[in-house]
Every structure is written in C-alpha cells, then in structure tokens.
Amino acid sequence: MLEHERAATAALVEKQSHEMLELINVKRSEYMKAESLYLDQNDGYVEELQPYPSHAPAPAPPALSKFQVYNDPVEFANVDQIAISVAQEDQKSFTDLVRQLVGRCGSDIEKARTIFRWITVKNLNTMSFDENLRGDTPMGLLRGIKNGTESYHVLFKRLCSYAGLHCVVIKGYSKSAGYQPGVRFEDNRFRNSWNAVYVAGAWRFVQCNWGARHLVNAKEAPKAGNKTKSDSLRYEYDDHYFLTDPKEFIYEFFPLQSDWQLLKNPITLQEFEELPFVRSLFFRYGLYFSDPNTKAVMFTDSTGAATVRIAMPSHMQGSLIFHYNLKFYDSDGDSFDGVSLKRFVMQSVVGNMVAFRVHAPCSGAFLLDIFANAVTPKEYLTGEPMKFKSVCKFKICCEDLQTDALVFAGRELELQFRMSRQLTDFMATLHKNGVEEKRLSKFVSHSVSDDIVTFNISFPEEGQYGLDIYTREMASVLDSTGEKHLLTHCCKYLINSSKRN
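Just so it is clear, the model here is predicted, and its values are computed rather than measured.

**Student:** What am I meant to see in the packing of aromatic side chains here?
**Tutor:** Between two aromatic rings, the relevant description is the distance of the centres plus the angle of the planes. Overall, the coordinates contain 33 aromatic pairs when judged by the stated rule. Here W210 and Y241 contribute two aromatic rings whose centre-to-centre distance is 5.7 Å and whose plane-to-plane angle is 80 degrees, an arrangement assigned as edge-to-face. With a gap of 31 residues between them, W210 in helix α8 (residues 208–211) and Y241 in the loop between β7 (234–237) and β8 (242–244) connect regions that are remote in the sequence. In this structure, W210 and Y241 share a single accessibility class: buried. These aromatic residues form a ring-pair network of at least three members: Y173, Y179, F185, F190, F254, F272 and F277. Against the face of Y237 rests R117, its NZ or CZ located 3.7 Å from the ring centre. Looking at K432, its charged tip hangs above the ring of Y465, at a distance of 5.7 Å from the centre.

Take a look at the structure:
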C-alpha cells in the first residue's frame, strides 16, 4: 500500500511539475520581451544571453566539475542562511515556500542550493505534524516522508519545478545501509531513487536523503513560531551530495538507465559491484586509490597477505590520521584463537601513502573497515578521544593459507627454513611504523648451514613489526646478458614483540 501511495504521488508531482514549468516558461518569455532582453532581428527574437532552457535537455556528462562550479560551501553562506531562516516557519503552500526560498537567489545554482538546504535542515526526527494537514502542502509532504508514504526526491523535484528548474527522479541501486563489499544486486533490497537537476549548464546529481544531517549544539530543533538564537545552532549536512561529480557518484549509485550515469564511458552493473565500497568522507578528504584497478573484493596471496593502499593529497598529510577494524565477513566475530583480528593488520604511512597489510590467520572471508579523521595540532595536544568515521570497506578473501603469517615473539626471535632446492643471496628487511628501515637493518641477521637458513631478529623495542624475506635460486643467478636476476620476495611476517611473549 505504501508503494502504491508513493507511485501515485510521484505521478501527480510529475504532472504538476510539467504544468508548472510550462507556465514559468511562458511568463519568463513575456518578461524577457517586455524588458527588452530579446533583440528584434529579422522579424524574430534572438537572445542576448544564454537563457535557462525551456525544455529539459537530454542527459549528458557535465563539461565542468563541481570544483569548477564552486570549491567551498562557504560561497553559499548567504543562501544557506536564507534556507535555515525559512525552515524555522511552516509555510502553508508550495508557492509561499518557494517564493521565500528563491526570491532573493541570483542564479539557478543558488535556487537549487536553497531548496537542498531547506530539505536537509528539516529534522524529521524532532518534528510533530497535525494529522489534519493536507498532503499537497509542504508540511503534509514532510509528514508523508516521516511516515514512509512520500520521499525526499519527490519533494526536491516538486520544489525545483516551482522554482523553474528542470529536475528528474532517477531510479536504480545504491550501496546503502546494510550493504557490504562483494554483495550482488540480485533483488530489490538496495533499490533507491535520487535526483538530477539542470543547473550551471548541465545535469548534476543531488541526494537530499543522504545529504540530510541533524541539528547540533541544541537540545532540540526549534519549533515553528519559536524564536531561537541562531548563533547557538549549527546545522550538520553532507555537502558531498549536492551537485556530486558523476565519477564520484558512481561509487555509490547505479541508475537503471545508463545515460543517467552522466559518464562518457558508462559502466556495467558488475563493474559497479566491483568498485571499492567508499563513503562521502573518502572524497571530502581527497583520498584516492594509487592502483586504479583496486576492487571491493581482494584476494590474499599464498601467505594470506593482501594490501590496501590509499593515497592522500599533500595538504592533508599533516592532519589525516587513520584507523582500521578487521572482523569475519559473515559474523560479528573479531578474534581468532583468542587474539583480536586487529593484530593481523599492519598499518604504515610512507609519504602520501597509507597501507593496510592484512595477514589472514586462517582461510575464509574478512571485512576490513578503514576509518579516518582530520585533526588539528590543538586536538593532538588536548589528548581527547579521537572520533573516526568510515571511509571505505573491503572484503578480504583467503582461499588457501599455506603459511602462518603472524608471529608472537619476545625481544628476540629465531626463524628457520629448510631449502628444497639451492637458494642464494638471502636478505631480510625489518619494518616498523615511524622508524626508518635503515635503522632497523642492524637488528636482523641470517646464516646458512647446509640446507637450513636461519634468521635472527633482536627487536629494539616492543611493538608491531613487519619482516620481508628475499632470495633467488642458485641456478638462475645470472640472466642471458650476464646481469644478476633481481631478488624474489618469498614471504612476509607480521610480528608482535613484547616482554611477555
């Protein structure tokens, strides 16, 4: 019944939006002629300036990126404040609401912005509604959203049409609540809808539902008619979901009609499933994958190791901090043989690259959740608990574990291997986050006796270390040109050194 109601409302809004846009186009044309904004030429009218299109253009990739349209939300400070102020009152009709929202806007982008911010300011969790409200009023539609009979994208489309903006509702799949990397879109569980609005000469994505946040620095949202000091209030929202670039939007949303990907080279549903599972914070911090072929599901090598590498922009290197969590994919279990699965991950930062090296303790599937936060030097000094938010998740699959990749050790460790064939030129490198590799080289040595090679490590301090071992076969020391073959990486270990082990 809810689905039927939503479909009926969407059809009605589509009809009314079309009628409203037709009416606005007629009035706009009359106004421009009356104000001599058209020049009489050859018995016809030629526009001096590029006008807003009277009919909705076909979907096409935008020529300008979001950053080129605006690079900081503070540019909308004035229009955002208009939306916040209007949201403190209840408007009786859509006409009144839109007039208050866009009456002082100077561009189509500002119109779309005030509508987006008005919707994201409205905190439905704290709002109460009169059950006698008419459904075709702003408050009636908000009540319907709260009760599940209406939707944000229908509300946004309706307000845009009253403001003279072309807006469409796009249906498809999204990597929304409950989704995990590796899940296939085989049913309707992750069906979703969102908008594209025509502003700044192109179609651009808007997701009001995901952009909506809550009111902070206040015990509750101000009620209609009550005056509240706006200085004490701050309205949280996610700017990522306003005019999102198609190349970023495609990581979370897949339209049923490929044209509405707004990409020059649309992808398939399978390719969408394989894209890394990232959140808006990933893009807000300017993060990116150094390997463009990074997939949502990663497979370990024979030693149970897999590495996720994330690059960050140079201006964020001094403020971004990362954290991670590892658990079993199909359960909430986060330990193996009484040891936290976090101990099987080694995090390291080199330059602008942060790496998470997972060493699976057993065969199976794991869920790696990577978190980040941007902190200031002042926050470092206060010592307050740091809040991390998820930026991306990966499914780590270990199909066949041939060696134990994790070692618990005291301050000294001896590792021995038996050679099944002749090897030469052994080398071992020790790593520790924050310590130069050269400083650790003197703490590792090896010896060979017959077919046994022994590695001795003395750890300079407690902590988590990585050990990589390299060698090459005696029979292939030289290549055809007489040059030595490069050493081959044969295994790696994650070592936890402490006094009690």
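**Student:** When you look at helix α5 (residues 108–121) in this model, what are you seeing that I'm missing?
**Tutor:** Every α-helix winds through 3.6 residues per turn, so residues three or four apart in the chain are directed the same way. The terminal C-alpha atoms of α5, which comprises 14 residues, lie 20 Å apart, in line with the 20 Å expected from a rise of 1.5 Å per residue. Taking burial as the measure, the 14 residues of α5 include 11 buried ones, the bulk of the element. Those residues of α5 not exposed but buried are I109, A112, R113, T114, I115, F116, R117, W118, I119, T120 and V121.

**Student:** Got a minute to help me understand the nonpolar core in this structure?
**Tutor:** Buried together is how nonpolar side chains tend to be arranged in soluble globular proteins. Ranked by size, the top nonpolar core spans 56 residues in total, and within it W118, I119, L142, L155, F156, L159 and V197 carry the most contacts. Examining the composition of this core, we find that 7 residues originate from one element, α5, more than from any other. Counting 52 residues, the second largest nonpolar core, distinct from the first, contains F190, A306, V354 and C398.

**Student:** How should I be thinking about the packing of α5 against helix α7 (residues 152–162) in this particular structure?
**Tutor:** In a packed pair of helices, the relevant descriptors are the angle between the two axes and the axis-to-axis distance. The N-to-C vectors of α5 and α7 enclose an angle of 145 degrees; their axes lie 10 Å apart at closest approach. Taken as a pair, α5 and α7 cross one another with a handedness that is right-handed. Contact residues: α5 offers A112, I115, F116, W118 and I119, while α7 offers Y152, L155, F156, L159 and C160. Here the residues of the contact of α5 with α7 are counted per class, giving 10 nonpolar, no polar and no charged.

**Student:** Just checking my understanding: could you explain the sheet that holds strand β25 (residues 452–458) for this structure?
**Tutor:** Adjacent strands of a sheet pair through backbone hydrogen bonds, lying either parallel or antiparallel. Spatially, 3 strands are ordered β22-β25-β24 in an open sheet, and the strand pairing comes out antiparallel. This sheet does not close on itself; its edge strands, each paired only once, are β22 (412–418) and β24 (444–449). Ignoring which end each strand starts from, the neighbouring axes of this sheet average 15 degrees apart. Both β22 and β25 contribute to a ladder of 7 bridges, which runs antiparallel. For E414, the partnering residue across the bridge sits in β25 and is N456.

Each value, and the rule that gives it
Residues numbered from 1 in each chain as written. Predicted model: local features only at pLDDT ≥ 70, side-chain atom pairs only at ≥ 80, totals over all residues. Heavy atoms only, no water. Phe/Tyr/Trp six-rings, centres within 6.5 Å; stacked < 30°, edge-to-face > 60°. Helix = DSSP H or I, 4+ residues; strand = E, 2+ residues; numbered from the N terminus. Buried < 20%, exposed > 50% of the residue type's maximum accessible area, 1.4 Å probe, protein only. Lys NZ or Arg CZ within 6 Å of the ring centre and 35° of its normal. Expected span 1.5 Å × (residues − 1). Core = buried A, V, L, I, M, F, W, Y, C linked by side-chain atoms within 4.5 Å. Axes fitted to C-alpha atoms, helices over the stretch in contact; angles between N-to-C directions. Left-handed = near helix turned anticlockwise from the far one by under 90°. Contact = heavy atoms within 4.5 Å. Nonpolar A, V, L, I, M, F, W, Y, C, P; charged D, E, K, R; others polar. Pairing = 2+ DSSP bridges.

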